[in-house]
Amino acid sequence: MREIVDDKNLDAAAFIRFVNQIWPGDYDLPLTQAALAKTMNITIYDGEQLVGCLRILTDGYFFGTITELLVLPAYQKKGIGSRLLQLAKGHTPTMLYFGAQPGIEPFYEKNGCLKSLQSYAIPKSIGDVPR
């Protein structure tokens, strides 16, 4: 497995192929590339295949948030998600906040994460539902 902290070469097309295996959707290539350019992307590859990715959005001083922690289903429960969290903790200057999908809380607690703020979402328009 190959780990890259702040993967500046993360290709939007490869990322979309990866994400579609976890969150199927119709993702826009240019908008995905623009989004990837605004985050610190910590990646894990098995050969050339992207198998895990953790994205961090931070101001570098006051605040940081994990936008996604994604691992391909075939690679889950093999320590990749835990390793991504370790790399995030070791390479960001701020405390990290994030929301967790229901049922995943034990994974985060096992990895030393502390339950913190309640999470809320502001949809873009009426009827929008965040993932």
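Use the structure listed above.
Since we're looking at a predicted model, the values are computed, not measured.

Chemist: Where do I start with the packing of aromatic side chains in this structure?
Modeler: To describe a pair of aromatic rings, one takes the distance between the centres and the angle between the planes. Applying the stated rule across the entire model yields 2 aromatic pairs. Between Phe15 and Phe18, the aromatic rings sit 6.1 Å apart at their centres with planes inclined by 45°, giving tilted as the arrangement. Pair noted here: Phe15 and Phe18 are both in helix H1 (residues 12–20), with a separation of 3 residues, about one helical turn. With respect to class, Phe15 is no different from Phe18; both count as buried. Judged by centre distance (4.5 Å) and plane angle (80°), the ring pair of Tyr61 and Phe62 falls under edge-to-face.

Chemist: Looking at this model, I keep getting lost on the pairing of strand E4 (residues 64–71). Mind explaining?
Modeler: The side chains of a regular strand alternate between the sheet's two faces. The buried fraction of E4 amounts to 7 of the 8 residues, a majority that puts the element mostly inside the structure. The pairing of strand E3 (residues 49–58) with E4 spans 7 bridges and is classified as antiparallel. Bridged to Cys53 within E4 is Leu70. With 2 bridges connecting them, E4 and strand E5 (residues 96–97) associate as parallel partners. Bridging across to E5, Thr65 finds its partner in Tyr97.

Rules used throughout
Residues numbered from 1 in each chain as written. Predicted model: local features only at pLDDT ≥ 70, side-chain atom pairs only at ≥ 80, totals over all residues. Heavy atoms only, no water. Phe/Tyr/Trp six-rings, centres within 6.5 Å; stacked < 30°, edge-to-face > 60°. Helix = DSSP H or I, 4+ residues; strand = E, 2+ residues; numbered from the N terminus. Buried < 20%, exposed > 50% of the residue type's maximum accessible area, 1.4 Å probe, protein only. Pairing = 2+ DSSP bridges.

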